[in-house]
Amino acid sequence: DTGVSQDPRHKITKRGQNVTFRCDPISEHNRLYWYRQTLGQGPEFLTYFQNEAQLEKSRLLSDRFSAERPKGSFSTLEIQRTEQGDSAMYLCASSFTGEGRPHEQYFGPGTRLTVT
Amino acid sequence: SQQGEEDPQALSIQEGENATMNCSYKTSINNLQWYRQNSGRGLVHLILIRSNEREKHSGRLRVTLDTSKKSSSLLITASRAADTASYFCATAHPFSGSARQLTFGSGTQLTVLP
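First, a word on what this report is: a plain description of the structure on this page. In this text, all values refer to a predicted model and were calculated from it rather than measured experimentally.

**Quick notes on the pattern of salt bridges**
Residues and elements named next belong to chain A.
Thinking step 1. Applying the stated rule across the entire model yields 5 salt bridges over all chains.
Thinking step 2. Taking the shortest distance from any N to any O, the salt bridge between Arg-64 and Asp-86 comes out at 2.8 Å. Residue Arg-64 is found in the loop between β6 (53-57) and β7 (65-68), and its partner Asp-86 is found in the loop between β8 (75-79) and β9 (88-95); the two are separated by 22 residues along the sequence. With respect to burial, Arg-64 and Asp-86 carry one shared label: buried.
Thinking step 3. A cluster of three or more residues bridged by salt bridges with shared partners is formed by Arg-64, Glu-83 and Asp-86.

Printed below as a string of structure tokens:
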């Protein structure tokens, strides 16, 4: 399978705990995005990387959230001191950018986080 | 914040009928994309239409774009039960310091009854 993969698929944690999610993009894709989706809503942008550089962060991304893409391949999203409001589906997407190339993003299956 | 708004929020049709979903957006775009999401799953890219295009086809899908009205429509012809899913429009905006991230609407839940 050469699509975007995410791990874990589901995570249940207690309020106050830290969690980390992993995303493996399509191998030749240089851009990687994180989105958050709550029930009944469309995904909302959190942050993105071009290769290993984190170039933009949404104001949705509080100080408790940190994302890395150390070698320009896989990425991790960590949430510290989780709150019940963090419960959502966390989606990762990747794309290949180039002159004149449209920005089709390919999404992974998501990690569903439940904070109790 | 959500830029696009899909209409209707929910649509229920019989198998074989056509389904039309509409999307409106607020600011200028580079392109508009439609995605499908089955319950609890990731999004699947369906079709992309550039801002200088007015209509595009892909299999049973037909997308139109009216930039003067800032709106798009997705038509699924000869619907099947397997088309049951949520459909989202997403817009990509001209580079002005933005990340080219997609801005999604809140989606249309399509149910195709056998």
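**Describing the packing of aromatic side chains**
Residue and element names in this part refer to chain A.
Thinking step 1. The final tally for this structure, using the stated rule, is 11 aromatic pairs over all chains.
Thinking step 2. Note on Phe-21 and Tyr-90: the rings are 5.4 Å apart at their centroids and 40° apart in plane angle, and the pair reads as tilted. Taken together, the positions of Phe-21 in strand β3 (residues 19-24) and Tyr-90 in strand β9 put the pair 69 residues apart, joining distant regions of the chain.
Thinking step 3. You can call Phe-21 buried: its relative accessible area is 1%.
Thinking step 4. Here Tyr-90 falls in the buried class, since its relative accessible area comes to 0%.

**Description of the sheet that holds strand β8 (residues 71-76) of chain B**
All names here are of chain B.
Thinking step 1. Overall, antiparallel pairing links the 5 strands, which are arranged β1-β3-β8-β7-β6 in an open sheet. Two strands close off the open sheet at either side, each with one partner strand: β1 (5-7) and β6 (55-58). Across the sheet, the mean angle separating the axes of adjacent strands is 20° when strand polarity is ignored.

**What about the interface of chain A and chain B?**
Thinking step 1. Facing 24 residues of chain A, the contacting portion of chain B comprises 23 residues.
Thinking step 2. With both chains or domains summed, chain A and chain B bury close to 1,800 Å², and 50% of this area falls on carbon and sulfur atoms.
Thinking step 3. Our count for the chain A to chain B interface comes out at 0 salt bridges.
Thinking step 4. Scanning the region where chain A abuts chain B turns up 3 residue pairs in polar contact (both at pLDDT 80 or more).
Thinking step 5. When contributions to the side of chain A that touches chain B are tallied by element, the ones reaching two or more residues are β4 (31-37), β5 (44-50) and β9 of chain A.

**Some remarks on the state of the cysteines**
Thinking step 1. In the structure shown here, the tally under the stated rule is 2 disulfides over all chains.
Thinking step 2. Here Cys-23 of chain A engages in a disulfide with Cys-92 of chain A; their sulfurs sit 1.8 Å apart. Given an S-S torsion of about -65°, the disulfide between Cys-23 of chain A and Cys-92 of chain A has left-handed geometry. Taken together, the residues span a long stretch of sequence, with Cys-23 of chain A in strand β3 and Cys-92 of chain A in strand β9 at a distance of 69 residues.
Thinking step 3. Paired by a disulfide, Cys-23 of chain B and Cys-89 of chain B hold their sulfur atoms 1.9 Å apart.

**As for the nonpolar core**
Thinking step 1. Of all hydrophobic cores here, the largest spans 22 residues; its most connected members are Leu-32, Trp-34, Leu-74, Ile-76, Tyr-87 and Leu-110 of chain B.
Thinking step 2. Mapped onto this core, the elements with two or more residues apiece are β2 (10-14), β3 (19-24), β4 (31-37), β5 (43-50), β7 (61-66), β8, β9 (85-92) and β11 (108-113) of chain B.

**Describing the pairing of β3 of chain A**
Residue and element names in this part refer to chain A.
Thinking step 1. Alternating residues of β3 divide into Val-19, Phe-21 and Cys-23, all buried, and Thr-20, Arg-22 and Asp-24, none buried.
Thinking step 2. The pairing of strand β1 (residues 5-7) with β3 spans 3 bridges and is classified as antiparallel. Across the sheet, Gln-6 pairs through a bridge with Cys-23, a residue of β3.
Thinking step 3. Note that β3 and β8 share 5 bridges and pair antiparallel. Residue pairing in the sheet places Phe-21 in a bridge with Leu-77 of β8.

**Here's the deal with unusual backbone geometry**
Thinking step 1. Omega for the peptide link from Asp-7 of chain A to Pro-8 of chain A comes to -5°, which places this bond in the cis form.
Thinking step 2. Residue position: Pro-8 of chain A is located in the loop between β1 and β2 (10-13).
Thinking step 3. For the bond running from Asp-7 of chain B to Pro-8 of chain B, omega is 0°, close enough to zero to count as cis.
Thinking step 4. Position of Pro-8 of chain B among the secondary structure elements: in the loop between β1 and β2.
Thinking step 5. In this structure, Asn-51 of chain A is a non-glycine residue whose phi angle is positive, near 55°.
Thinking step 6. Residue position: Asn-51 of chain A is located in the loop between β5 and β6.
Thinking step 7. Look at Lys-70 of chain B: it is not a glycine, yet its phi comes out positive at around 50°.
Thinking step 8. Relative to the helices and strands, Lys-70 of chain B is located in the loop between β7 and β8.

Cut-offs and rules
- Residues numbered from 1 in each chain as written.
- Chains lettered and ligands numbered in written order.
- Predicted model: local features only at pLDDT ≥ 70, side-chain atom pairs only at ≥ 80, totals over all residues.
- Heavy atoms only, no water.
- Salt bridge = Lys/Arg side-chain N within 4 Å of Asp/Glu carboxyl O.
- Helix = DSSP H or I, 4+ residues; strand = E, 2+ residues; numbered from the N terminus.
- Buried < 20%, exposed > 50% of the residue type's maximum accessible area, 1.4 Å probe, protein only.
- Phe/Tyr/Trp six-rings, centres within 6.5 Å; stacked < 30°, edge-to-face > 60°.
- Pairing = 2+ DSSP bridges.
- Axes fitted to C-alpha atoms, helices over the stretch in contact; angles between N-to-C directions.
- Contact = heavy atoms within 4.5 Å.
- Buried area = accessible area lost by both parts, 1.4 Å probe.
- Polar contact = N/O pair within 3.5 Å; in protein donor to acceptor, adjacent residues only side chain to side chain.
- Disulfide = S-S within 2.5 Å.
- Core = buried A, V, L, I, M, F, W, Y, C linked by side-chain atoms within 4.5 Å.

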